[in-house]
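# Coordinate analysis (summary)
For reference, the chains in residue letters:
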Amino acid sequence: MPKWITQVGCPYCGSSCDDIECLVSDDGKKILETRNACVIGNEIFHHVSSPDRPKRPRMRQPDGSMKEVTYDEAVDYTAKALIKAKKPLIYGFGSTNCEGMSAVARVAERAGAVLDNCASICHGPSFLAIFDNGYPSCTLGEVKNRADVVLFWGCNPMHAHPRHTSRYSIFPRGFFTTKGQMQRTIISIDPRETDTAKLADYHFMLNQGHDYELFDAFRTVLRGHDIPAEVAGCKREMILEAAEKMKNARFVMIFFGMGCTHTDGRNHNVDIAISLTRDLNTHTKASIMAMRGHYNIAGPGQVWSWQFGFPYCIDLSKGTRAHMNPGETSSVDLAMRDEVDCFVNVGTDAGAHWPIAAIKHVKKHPVITVDPNICMASEIADLHVPVRVVGVEEPGVVYRMDNVPIQFKKVIDGPEGVPSDEEFFDKVYTRMCELTQTEPIWVHVKEHAKASSSLEH
Ligand code: SF4
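Residues numbered from 1 in each chain as written. Predicted model: local features only at pLDDT ≥ 70, side-chain atom pairs only at ≥ 80, totals over all residues. Heavy atoms only, no water.

## A few points about the site of the ligand
Neighbouring the ligand are Cys 10, Tyr 12, Cys 13, Ser 16, Cys 17, Ala 37, Cys 38, Gly 41, Pro 162 and Arg 163. Class assignment for the residues of the shell around the ligand results in seven nonpolar, two polar and one charged. (Near = heavy atom within 4 Å. Nonpolar A, V, L, I, M, F, W, Y, C, P; charged D, E, K, R; others polar.)

In structure tokens:
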């Protein structure tokens, strides 16, 4: 009999929904149906059983074709490429678990690599602003239970985080928001009339790239000063009215996205958004949150900050200390300056999402893609290593956009012989130690930890 598995986590967007239900076939190998997932999440669960999914590593041949190789050969190739490289770059991690990130960090440290995640092309500017100005944030549960004015600035959750509005930000009825949407004022700030803007009570259709001016106008009004008749294409009266709503709210929540981090000003847009949140706290309670993209893109920030003290753009090439300086040590900048001589793409698709000029530079050197699926990054790689899909075939810890950790489950068995990211990179680490005749410290530490936890039980 097929059986329903409940409280499953969805491995797609930063909402990291953990209320998915999956109907699993008798043999535990296929997902037949899902409940609660949005259309994107549903597709992820079904895609796992796609017959086109690769089950063995593939290595590029001298004639340009790809040939299947064993996992041992893939481990050996990866270890040798990393040892040989002077400045390898290991990048990605939006779509894997924290255990995988930690295993890759050990390999990166051993290789003297630069370790970076998708934040450097996404919410990296938000990190820079947070370093400068702090992060007066909260959890999504607090938004659900308390927020009565919600701003979506430069983000469109109806498309990018489809269940965000129903689980946390617009529709749910919370402890102090018992009337749900009826009790909330929604403000959308976006140059386009998005589906989120269509739901809003106020839509500021600002001139594209003029976010800083509009943030500044709100701050000016909140501090009791006057503003011009029009700012960033938005009318003074509307700004005054929305500012008044925010002042009189019980809890203001500001969500921001790529409209702030990818436009003129970048980190400065986020910086002033944080200052606006601080200003609002002199009138009422207010909080701010980055709409993190992937289900575990907050994970590397947590794991690597604990391991190295930095969340992204971590240069480990000095051997004895980590160094971080986005602009210098960020992936695309390194690639554009042609400073990378080996590129490892893990749980992301740099082939599709990087500028073509950066990809052309890394393509001059060995490119290794570790990813469950065929994607642009696998098609430009010299070695493609398929791994199990986290949240479906592999359990693990993920961090939601509000940095709340969630334990994702395994729902079905992965394809036979296919490892997890963690297993693959642990083998790469061990092989690197064999090749350089050094002590595999981390492997011993992990075995020791496993042995002591089994003794405790
Ligand atoms: S909103 Fe995001 S996490 Fe939730 S089901 Fe949809 S894709 Fe998955």
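Structure shown, so let's carry the discussion forward.
## A word on the sheet that holds strand β14 (residues 285-290)
An order of β10-β9-β8-β13-β14 is seen for the five strands of this open sheet, with the pairing classed as parallel. The two strands at the open ends of the sheet, each matched to only one other strand, are β10 (202-204) and β14. Averaged over all adjacent pairs, the angle separating strand axes in this sheet is 15 degrees, with direction ignored. As paired strands, strand β8 (residues 149-153) and strand β13 (residues 251-256) are joined by five bridges and run parallel to one another. Looking across to β13, one finds that Val 150 is bridged to Met 253. Along the sheet, helix α10 (residues 236-247) makes contact with β8, β9 (185-189), β10 and β13, crossing β10 at roughly 130 degrees. (Pairing = 2+ DSSP bridges. Helix = DSSP H or I, 4+ residues; strand = E, 2+ residues; numbered from the N terminus. Axes fitted to C-alpha atoms, helices over the stretch in contact; angles between N-to-C directions. Contact = heavy atoms within 4.5 Å.)

## Things to note about the nonpolar core
The biggest cluster of nonpolar side chains holds 44 residues, and the ones touching the most others in it are Leu 82, Ile 90, Leu 115, Trp 304 and Phe 425. For this core, the secondary-structure elements that each account for two or more residues are α2 (71-84), α3 (98-111), α13 (298-308), β17 (342-346), β18 (367-370), β19 (383-385) and α18 (421-436). At eight residues, the largest contribution of residues to this core is made by α3. Residues Ile 189, Cys 234, Phe 256 and Cys 260 belong to the second largest nonpolar core, which totals 37 residues. (Core = buried A, V, L, I, M, F, W, Y, C linked by side-chain atoms within 4.5 Å. Buried < 20%, exposed > 50% of the residue type's maximum accessible area, 1.4 Å probe, protein only.)

## Some remarks on helix α4 (residues 124-133)
Within α4, the full set of buried residues consists of Gly 124, Pro 125, Ser 126, Phe 127, Ala 129 and Asn 133. Just beyond α4, the residue with positive phi is Gly 134, at close to 85 degrees.

## As for the sheet that holds strand β15 (residues 314-315)
The pairing of strands in a sheet happens through backbone hydrogen bonds and is either parallel or antiparallel. Judged by pairing direction, the sheet is mixed, and its nine strands sit side by side in the order β5-β4-β19-β18-β17-β6-β7-β15-β16 without closing on themselves. Across the chains shown, the open sheet's two edge strands, defined by having one partner strand only, are β5 (66-68) and β16 (323-324). Taken together, the three bridges between β18 and β19 define a ladder with parallel strand orientation. Counted as the bridge partner of Ile 368 is Leu 383 from β19.

## Digging into the domain arrangement of the protein
Taken domain by domain, the protein comprises domain 1 (3-47), domain 2 (58-119 + 296-405 + 414-456) and domain 3 (124-290). Relative placement of domain 1 and domain 2: their C-alpha centres are 26 Å apart. In this assembly, domain 1 packs against domain 2 so that about 590 Å² is buried in total across both faces, 58% of it on carbon and sulfur atoms. A per-residue breakdown of the area domain 1 buries against domain 2 is headed by Pro 11, Gly 14 and Ser 16, which together make up 50% of the total. For the pair domain 1 and domain 2, the interface holds zero salt bridges. Counting across the domain 1 and domain 2 interface gives two residue pairs in polar contact (both at pLDDT 80 or more). A class-by-class count of the residues in the side of domain 1 that touches domain 2 yields four nonpolar, five polar and no charged. (Domains from an automatic or database assignment. Buried area = accessible area lost by both parts, 1.4 Å probe. Salt bridge = Lys/Arg side-chain N within 4 Å of Asp/Glu carboxyl O. Polar contact = N/O pair within 3.5 Å; in protein donor to acceptor, adjacent residues only side chain to side chain.)

## With respect to the packing of aromatic side chains
Using the criterion set out here, one finds 13 aromatic pairs in the structure. Among the aromatic residues, those joined into a cluster by ring pairs are Trp 153, Phe 204, Phe 215 and Phe 218. One residue, Arg 35, lies across the ring of Trp 4, its end atom 3.7 Å from the ring centre. (Phe/Tyr/Trp six-rings, centres within 6.5 Å; stacked < 30°, edge-to-face > 60°. Lys NZ or Arg CZ within 6 Å of the ring centre and 35° of its normal.)

## Observations concerning the pattern of salt bridges
Counting across every chain of the model gives 25 salt bridges. Ionic pairing is found between Arg 388 and Glu 394, a salt bridge with its closest N-O pair at 2.8 Å. Like Arg 388, the residue Glu 394 is buried in the burial classification. Taken together, the shared-partner salt bridges connect Asp 18, Asp 19, Arg 163 and Arg 167 into one network.

## Quick notes on the packing of α2 against α18
α18 packs onto α2 with a crossing angle of 60 degrees between their chain directions and a minimal axis gap of 8 Å. Judged by the angle between their axes, α2 and α18 are oblique. Every pair of crossing elements has a handedness; the one defined by α2 and α18 is right-handed. Between α2 and α18, the residues in contact are Ala 74, Val 75, Asp 76, Thr 78, Ala 79, Lys 80, Leu 82 and Ile 83 and Phe 424, Lys 427, Val 428, Arg 431, Met 432, Leu 435 and Thr 436, respectively. When its residues are assigned to classes, the contact of α2 with α18 shows nine nonpolar, two polar and four charged. (Parallel < 35°, antiparallel > 145°, perpendicular 65-115°, else oblique. Left-handed = near helix turned anticlockwise from the far one by under 90°.)

## Examining a nonpolar patch on the surface
On the surface, Ile 441, Trp 442 and Val 445 cluster together to form a nonpolar patch covering roughly 260 Å² of accessible area. As for its placement among the helices and strands, Val 445 is situated in helix α19 (residues 441-456). According to the relative accessible area criterion, Val 445 is partly exposed, its value standing at 41%. (Patch = residues over 30% accessible without salt bridge, like charges linked within 9 Å, V, L, I, M, F, W, Y side chains within 5 Å. Areas by Shrake-Rupley, 256 points an atom, 1.4 Å probe, with all protein chains shown as cover.)

## Quick word on the packing of α4 against helix α12 (residues 267-280)
Remark: α4 packs on α12, axes separated minimally by 8 Å, with the N-to-C direction vectors making an angle of 45 degrees. One element, α4, and the other, α12, form an angle in the oblique class. Taken as a pair, α4 and α12 cross one another with a handedness that is right-handed. Counted together, Pro 125, Ser 126, Leu 128, Ala 129, Ile 130, Asp 132 and Asn 133 of α4 and Asn 267, Val 270, Asp 271, Ile 274, Ser 275 and Arg 278 of α12 form the full contact between these two elements. Here the contact of α4 with α12 is composed, by residue class, of six nonpolar, four polar and three charged.

## Re the pairing of strand β7 (residues 114-117)
Of the two faces of β7, both are covered, the one formed by Val 114 and Asp 116 as well as the one formed by Leu 115 and Asn 117. Strand direction decides the pairing type here: strand β6 (residues 88-92) and β7, joined by four bridges, are parallel. Residue Gly 92 lies in a different strand from β7, and its bridge partner there is Asn 117. Relative to β15, β7 is paired through two bridges, and the arrangement is antiparallel. Of the residues in β15, the one forming a bridge with Leu 115 is Ile 314.

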